[in-house]
Every structure is written in structure tokens, then in C-alpha cells.
Amino acid sequence: MNRGIAGKTILTLLMGLLWVQTASGAEVWATNQLSNTISIIDSEALAVLTTIPSGGKEPHNITFSPNGKEAWVTHVGSNTISIINTTTREVTTTLPAGTRTHAITFSPNGKLAYITNPGSNDLWIIDVLTRKVVERISVGKAPQMVVFSRNGTRVFVSLSGVEEVWVLDAATHKTLATILTGKDAMGLGLSNDGQYLYVTTGGESRVIVIDTTSLKEVRSIETGFDTHGLAVSPDGRYVYVANRGSNTLSVIETKTNTITRSISTGKSPDMLTLSPTGGQMYVTNRGDDTISVVDIVSAQVIAIIMVGRAPHGIAFRP
């Protein structure tokens, strides 16, 4: 081979390798529950950068620390939490958790991690600095997700086993109220002004809207079949919910609390996350081992990314 051509070929290969290693888009991390791995996706290239071990069995949901330096991953198969350094992408700590540990939410000041355990019907609170459990709270059956009120004084917990949302005092963790929701309460999201709490109820294929002052249901919105994951747009104008049984996303306009459109996805869409600007949405399709990338303006799927088996949790790295 001509030395000049050979040199150019090698340079091209090296540049291609460098591009893969330094892709400039923000990272999206998705758990692959049946592969025990995490797919790391470049949001600009719309491609998997790398796949790493999750550090446990059946990784379910993933939450980044507020500074983005750590990824906390729940494992429903091993009842553990893996803490991953997002720079080295290595597991640094493995913590025991409750039975079928499900999801993690950080307190507004980032000092505490709230862990839902549907199998043991409790909520664990872990000190982020010491990695120690500082409190275990017995709640109703099968707690799923946690969200804090905008002022940080209340904790909302969805419980699929008792068809309720519990409201806890953030300081004392005493139960302030229980709100009837309907079957399989799971996904939670707050309007930007904190006035409304949105709750998915998969067993009834609807989203319930709760007034956070009166703690009463003010609206019930029919969605696609078996609605599950939920996300609120950064500007607060829309709520997006995944309908696992319909292979669609329902788009709810928060001004009117009505569905404005439906977007087709892959098979059995589960969880979703929005880019910081709200321009793109990433949806895990557990039924066909893919992630759908949706352009929000056009409401069209612009890419389908193959990942590991049964993708579930997904989040943008801060």
C-alpha cells in the first residue's frame, strides 16, 4: 500500500476513534434490567457511547446526584443500590436497600436520598455523605416514586398497592394526608408553580391531577392503556406520560389539563426523560430493547437506539 494512503487511513481511523471518545452531546444513561448493564448515550450523536456494568441484579431506576458526579442505581433483583462515579464510570459503593428497591429521589439540599422499597413497604432515607441509613419509614403498600413540593416542606409518595399518594412532612416525616388515586399509582410530577401534582394510574389508564393546597383531586385525564412513566417539560407547559399497553405517549397541556396529542413509540414504553432545554425526549421501550428519541416540536420519533435487554430507568446527566 502507498505510504501516503496508509498514513491517511490510519489518521482517519484515529480521528474516528477520538470522535467516539469525545462526542460532545450531553449524556443520557439508561438501565438495562435483564442485561445488568447501563447504556450511556450521546444526545448529539444519538448513539450509544459505551455500556457499563450496573453493579447489581436487575437495575431498575437511575438518579444523578445534583452535581452530576454520581449516578445512584436501584436494583430490584439484588435489593441494592450502586453508586457510580460518572467520570470513571465505575461502581464506587454498593449499599443494601429494602426489598425490590425501586427509585431514588434526592432532597432539595442534596444531603439525603429517599429510597422507595415496594417489596418491604417502606421508605429508606440515606445520608448522602456518610452513606448510612438514617431513617426507615413504614408506609402503605408498594411505594413507587417520591417528589418534593416546590418549597421543600412536603414529600409526596405514590403507592401502587393501596391506590394512594401519601403526603409526609419533610422535616418530621409524619404523615399529613393520604389521597386516593386509583389503581397502580406510580409516576409523579409537579407543575412549575407547584400548584398541581400529576399522578399516573396504570390500572385505570389515566392521570390524576391533585391540588397541592387542598390535597384533593381536581381532574382525571384518560390516557392510553396502562400509563406509567411521567415527565414535566422544563417550561411547565406540558406533561408527558408513557402508555405501556398502547405503545404511545400522551401529551397533556397543563393550562387546560387536556391531552393535545399522542405520539407513537416502541413496544411497551416505560420511563422517559427530557433534555434540559425540553427539545428532545428519550423513552425506554422495554418490549423491544430500544430507546425512542422524540423531537418535541414535530412530535416525531427521530431516532431509535438499540440498547440492552429490557431498558427501564433513564435520565440526563447534569
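The structure this text deals with has already been given above.
It should be emphasised that the depicted structure is a prediction, and the values quoted were computed from it without experimental measurement.

S.K.: How should I be thinking about the overall build of the protein chain in this particular structure?
M.R.: Tallying secondary structure elements over the protein chain gives 1 helix and 28 strands in all. Relative to the globule expectation of 20 Å for 318 residues, the C-alpha radius of gyration of the protein chain, 20 Å, shows essentially globular dimensions. Expressed along its principal axes, the backbone C-alpha trace of the protein chain runs to roughly 80 × 45 × 30 Å. Across the 318 residues in the protein chain, those meeting the buried criterion constitute 54%. For the protein chain, restricting intrachain contacts to residue pairs at least 6 apart in sequence, the fraction spanning at least 24 positions comes to 38%. Put simply, the protein chain shows about 13,900 Å² of open surface, and 52% of that area lies on carbon and sulfur atoms. One finds the centroid of the 26 positive side-chain charges in the protein chain at a distance of 4 Å from the centroid of its 25 negative side-chain charges.

S.K.: Would you take a moment to explain the packing of aromatic side chains for this structure?
M.R.: To describe a pair of aromatic rings, you give the distance between the ring centres and the angle between the ring planes. Tallied over the full model, the rule gives 5 aromatic pairs. With centroids separated by 5.4 Å and ring planes inclined at 80°, the aromatic side chains of Trp-29 and Phe-64 adopt a geometry described as edge-to-face. Placement of Trp-29 in strand E1 (residues 27–32) and of Phe-64 in strand E4 (residues 59–64) is noted, with a sequence separation of 35 residues between them. Seen in terms of ring centroids, Tyr-114 and Phe-148 are 5.1 Å apart; in terms of plane orientation they differ by 90°. Their pairing is edge-to-face. Residue Tyr-114 is located in strand E9 (residues 112–117), and its partner Phe-148 is located in strand E12 (residues 143–148); the two are separated by 34 residues in the primary sequence. You can call Tyr-114 buried: its relative accessible area is 2%. The side chain of Arg-136 reaches across the aromatic face of Trp-124, ending 4.2 Å from its centre.

S.K.: How should I be thinking about the sheet that holds strand E17 (residues 196–201) in this particular structure?
M.R.: In sheet architecture, strand pairing relies on hydrogen bonds along the backbone and comes in two forms, parallel and antiparallel. Spatially, the 4 strands line up as an open sheet ordered E16-E17-E18-E19, and their pairing is antiparallel. This sheet does not close on itself; its edge strands, each paired only once, are strand E16 (185–190) and strand E19 (216–222). Strand-to-strand twist in this sheet, taken as the mean axis angle between neighbours without regard to direction, amounts to 25°.

Scoring rules and cut-offs
Residues numbered from 1 in each chain as written. Predicted model: local features only at pLDDT ≥ 70, side-chain atom pairs only at ≥ 80, totals over all residues. Heavy atoms only, no water. Helix = DSSP H or I, 4+ residues; strand = E, 2+ residues; numbered from the N terminus. Rg over C-alpha atoms; globule rule 2.2 N^0.38 Å. Buried < 20%, exposed > 50% of the residue type's maximum accessible area, 1.4 Å probe, protein only. Contact = heavy atoms within 4.5 Å. Areas by Shrake-Rupley, 256 points an atom, 1.4 Å probe, with all protein chains shown as cover. Lys, Arg positive; Asp, Glu negative; His and termini not counted. Charge placed at Lys NZ, Arg CZ, Asp CG, Glu CD. Phe/Tyr/Trp six-rings, centres within 6.5 Å; stacked < 30°, edge-to-face > 60°. Lys NZ or Arg CZ within 6 Å of the ring centre and 35° of its normal. Pairing = 2+ DSSP bridges. Axes fitted to C-alpha atoms, helices over the stretch in contact; angles between N-to-C directions.

The analysis is restricted to geometry; functional conclusions fall outside its scope.
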